[in-house]
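# A closer look at the structure
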Amino acid sequence: MRTLNNIEIAAPLPKFAEVSHSTADNTIMIKLQHRWPIINNVEAKKTGSNSIESLQELKADWNGNGAKAFKKQLLDKVKLFVDRISYHTHVFPTGRDSVQLEFYKPNKEYLELEISENEISGLHSYPTGEMNEFILPNINEAHKKIDFFFTTITPQ
Amino acid sequence: MKLIKRLIFSLQRSLPNKEVLYKSILTKNPNQWVDGENRPSSAAFKDSKGVSVDRKGWRKDKAIVKGFQKRFDNTAIVSLTVGKCRELDTYPVYDRNPTNIYHCLILKDKDTVKLTDSIAGKLSRNTNIVWVSE
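The following paragraphs examine the structure supplied in this document. Throughout, a residue's number is its position along its own chain's written sequence, starting from 1. Labels follow written order: the first chain is A, the first ligand is 1, and so on. A pLDDT threshold of at least 70 governs which residues receive local features in this predicted model, and a stricter bar of 80 or more applies before side-chain atom pairs are shown or counted, although totals over entire chains, interfaces and linings include all residues. For side-chain calculations, the full set of non-hydrogen atoms in the structure is used, while hydrogens and water are omitted.

## Observations concerning the packing of aromatic side chains
Residues and elements named next belong to chain A. Rules: Pairing of aromatic rings covers Phe, Tyr and Trp, the last counted by its six-membered ring, and requires centre-to-centre distances within 6.5 Å; plane angles under 30 degrees mean stacked, over 60 mean edge-to-face, and any other angle means tilted. Secondary structure elements are taken from DSSP: a helix is a run of H or I of four residues or more, a strand is a run of E of two residues or more, and numbering for both begins at the N terminus. Three labels apply to residues, based on accessible area from a 1.4 Å probe with only protein chains included: buried if under 20% of the type maximum, exposed if over 50%, partly exposed otherwise in between.
All chains considered together, the criterion is met by five aromatic pairs over all chains. Aromatic pair Y87 and F150: ring centres 4.0 Å apart, planes at 5 degrees, arrangement stacked. With Y87 in the loop between α3 (72-83) and β5 (90-93) and F150 in helix α4 (residues 139-151), this pair connects stretches of sequence that are 63 residues apart. For the pair Y87 and F150, one class covers both residues: buried.

## So, the state of the cysteines
Note on terminology: disulfide describes a covalent bond linking the sulfur atoms of two cysteines. All names here are of chain B. As a reminder of what qualifies: Throughout, disulfides are identified as pairs of cysteine sulfur atoms within 2.5 Å of each other.
Applying the stated criterion to the full structure yields zero disulfides over all chains. C104 provides the cysteine sulfur closest to C85, a residue in no disulfide bond, and the two sulfurs are 9.5 Å apart. Exposure remark for C85: the relative accessible area of 0% places this residue in the buried category. Taking relative accessible area as the criterion, C104 reaches 0% and is therefore assigned buried.

## Some points on the interface of chain A and chain B
This is how it is decided: We call two residues contacting when some pair of their heavy atoms lies within 4.5 Å. The buried area of a pairing is the accessible area, by a 1.4 Å probe, that goes missing from both parts when the two are put together, added over both. Salt bridge, as used here: a side-chain nitrogen of Lys or Arg that lies within 4 Å of a carboxyl oxygen of Asp or Glu. In protein, a polar contact means a hydrogen-donor-capable atom and an acceptor-capable atom, both N or O and within 3.5 Å, with residues adjacent in sequence counting only if both atoms are side-chain atoms; elsewhere, any N or O pair within 3.5 Å suffices.
At the junction of the two partners, chain A supplies 27 residues and chain B supplies 28 residues. In total, chain A and chain B occlude about 2,200 Å² of area from one another, counting both sides; carbon and sulfur atoms represent 48% of this. In terms of surface lost to chain B, no three residues of chain A exceed N65(A), R96(A) and M131(A), which account for 29% of the buried area on that side. At the junction of chain A with chain B, the criterion picks out three salt bridges. Here R96(A) ties to D117(B) by a salt bridge, and the two come within 3.0 Å at their closest N and O atoms. Applying the counting rule to chain A against chain B returns 20 residue pairs in polar contact (both at pLDDT 80 or more). Every element with two or more residues in the side of chain A that touches chain B is listed here: β5, β6 (98-104), β7 (110-116), β8 (120-125) and β9 (131-136) of chain A.

Dropping the structure here:
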């Protein structure tokens, strides 16, 4: 049970709930929106994976299985996309002319976007193990998907 | 004894379910390893030429690791059985070539190379770590 200004709140609240008390009208405000860590620093966003610049340096056959070098056009598109994201992302190259972005939530929920020159596809993996594949029509929809992923709480 | 094992292997074209497949995962320049989860990224299983793996054959893990280290500078090595691949709805095939007699490919099915995102994800989560560089 939480206490705020000597008022006991009997309702069970999740840890992330923000509780505030307004003395003007003696009301209690409970904010339930989950806040996942947001990292605005561009360098920090690259931690733990690859920077877009490093993918530019990969030569043909970088994976030992004949993968092509990445086209500047694709990497520019990915860079533009990543720069607009305010959440932590992992960047990985694939062997099929695409770049994969991965997003994780502490509850084991996972979102993956695969960006190629002509397509943005993805996978949403839920804590239950269920997986949902999707194709997005454009970059804006992909950004919406990420925002939705980080601002929605999936029941476990 | 080694020679007999080698001879038996060279005659074996099929991939039995208990055969182990090894995959090298790049860990630096570029990195395809998810540190926080201690597993390969599914990106490592997305390949337009099929997922390149080596079968165990008659070799020991140590020899397999050494073989990969000769070919790749910064790598982790993971494994999974042919049976697991089939259970996850993929189609592993023996793809022996003059430079690598152990080479195999994991395909989606007999006629499709490209794995779906969910299959690539399942494969990456069902591997066993054989060796990771420090």
